[in-house]
Amino acid sequence: MLVSSRIKNLSPYVPGEQPNDRVYIKLNANENPYPPSKNVAKSLIKFIKKHPEKMGLYPDPDSVKLNEAIAKMLNQSGGVLCNAKVEGKKVSPAENDKIPFTVTSDMIYSGNGSDEVLSFIFYAFFDSSKKFVMPEFTYSFYPVYAGYYNIPMDLVPLKDDWSLDVDKMLENAKNDDGGIIFANPNAPTALALSREEVRQMLEKANKDEIFIVDEAYVDFGGESCIPLLKDYKNLIIVRTFSKSLCGAGQRLGYIVANPEIIKTVFTVKNCVNHFPIDAINQTAGIAACNDVAYYVETSKKVVEEREKFYNFLVENGFYVTKSKTNFLFAKHPSISGDVIYKKIKEEGILIRHFATKGIDDFVRISIGTKEQMEALKKAFYKLRMKN
Ligand SMILES: *Cc1c(COP(=O)(O)O)cnc(C)c1O
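Here we summarise the structure given alongside this text. Given the structure is predicted, the values throughout are model-derived calculations rather than measurements.

Conventions we followed
Residues numbered from 1 in each chain as written. Predicted model: local features only at pLDDT ≥ 70, side-chain atom pairs only at ≥ 80, totals over all residues. Heavy atoms only, no water. Helix = DSSP H or I, 4+ residues; strand = E, 2+ residues; numbered from the N terminus. Rg over C-alpha atoms; globule rule 2.2 N^0.38 Å. Buried < 20%, exposed > 50% of the residue type's maximum accessible area, 1.4 Å probe, protein only. Contact = heavy atoms within 4.5 Å. Areas by Shrake-Rupley, 256 points an atom, 1.4 Å probe, with all protein chains shown as cover. Lys, Arg positive; Asp, Glu negative; His and termini not counted. Charge placed at Lys NZ, Arg CZ, Asp CG, Glu CD. Near = heavy atom within 4 Å. Polar contact = N/O pair within 3.5 Å; in protein donor to acceptor, adjacent residues only side chain to side chain. 1 Å grid on protein atoms, 1.4 Å probe; cavity = no way out; pocket = protein on both sides within 12 Å on 5 of 7 lines; lining within 4 Å. Sits in = over half its atoms within 2 Å of the grid points. Nonpolar A, V, L, I, M, F, W, Y, C, P; charged D, E, K, R; others polar.

Across its full length, the chain holds twelve helices and 14 strands. In summary, the chain has a C-alpha radius of gyration of 21 Å against a globular reference of 21 Å for 387 residues, a match within 12%. For the chain, the spread of C-alpha atoms along the principal axes amounts to about 60 × 55 × 55 Å. The burial tally for the chain puts 54% of its 387 residues in the buried class. Sequence-distant contacts in the chain: of pairs separated by 6 or more residues, those separated by 24 or more amount to 73%. Carbon and sulfur atoms provide 53% of the accessible area of the chain, an area that totals close to 17,700 Å². Within the chain, the 48 negative side-chain charges are centred at a point lying 5 Å from the centre of the 51 positive side-chain charges.

Take the site of the ligand next. If you check the shell around the ligand, you find Gly113, Ser114, Asp115, Tyr139, Ala183, Asp214, Ala216, Tyr217, Thr240, Ser242, Lys243 and Arg251 and nothing else. One nitrogen or oxygen atom from the side chain of Arg251 is found 2.7 Å from an oxygen atom belonging to the ligand. Protein contact buries 94% of the 380 Å² of open area that the ligand shows by itself. Its atoms largely coinciding with the cavity grid, the ligand occupies the largest pocket. In terms of residue count, helix α4 (residues 113-125) provides more of the shell around the ligand than any other element does, three residues in total. Its residues placed into classes, the shell around the ligand shows four nonpolar, four polar and four charged.

Burial of helix α9 (residues 279-289) is extensive: nine of the eleven residues sit out of reach of the surface. Within the sequence span of α9, burial applies to Ala279, Asn281, Gln282, Thr283, Ala284, Gly285, Ala287, Ala288 and Cys289. Where α9 is buried, its residues touch α2 (38-50), α3 (64-77) and α10 (292-315). Two or three places before Ile280, at the opening of α9, Asp278 has a side-chain oxygen 2.9 Å from that residue's backbone nitrogen.

Function cannot be inferred from these measures alone, as they are strictly geometric.
Below, the structure is given as structure tokens:
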């Protein structure tokens, strides 16, 4: 065969279904049910109508204005949108989320979705001689990239309550001389460590090894670790526009870290694809960051619907983890995850079921609009949950 030996060891990521055959209510990929801020459409139309010539020019290779806009948004929201306070257009962080320094644009690196950004981090800080410690169940893209770059993994099982086994992760990282990665809140379990718990981990972890916290879902009620960047130079925080910023189709993700780390990631970028974010996406990203108030509002709505659906599931006999995300991770004592997924799909709604052993009893339900969640309730009633 003409393929390299590397190809044989790869196991590709399996995304949530994106069907074209029928119109489903999509609650299977943790996308945001709300459109982006009107500011985004306005900026895009202006870009195309007023500056069509810019389509013929290369974009800013370093996305300087976008990184400035991201830094500003983080300072305004404290990095947790659903908790932020809004007065008119003025947004300020909740007391608990205040960042004890100003996030500056040299602490930001942005790329085509956090998936790309993660790939650059993996490339920059790991190789085949250095192990990656991660929870057994976490974002399933980490093992895919680790495989791609030939980075050995050390998977640590979750505890019985589905939380991270922090002590075991630290112990293994010590023994392996390795780095650590996890999502906080974690996926698909929806549970979060507090900032203080992460601080204690960082305190005990090897200070020379990279420690990555993926905050894809933190805007829905976790505690951001951005305040910890002041004390821990080995900390890398990864975030995305795909969930709380209603931009999964856009492909925009970013790193928040100390400038030294950001510089290293820029070096990788300049060796792979030096014009990573196209001009349209940079425009859309800046426009989104300039309307933080809108996303505070949509994040609060998602949280409200999540809490309602959590109660509904519990009332109907489900075990549900205490979610700090835009999804619920739930299992029923007698109906299997696979059956739930299939029956709900028959009703025209997609939720996610993982065939992976250990979590195959569960379904993962992304939180939609009020109307979508009402439709989902009706579909669940057909399951005869109480018999
Ligand atoms: C959705 C998700 C991402 C991916 O984000 P993109 O920016 O769309 O690539 C990263 N990490 C976690 C934990 C996620 O759930």
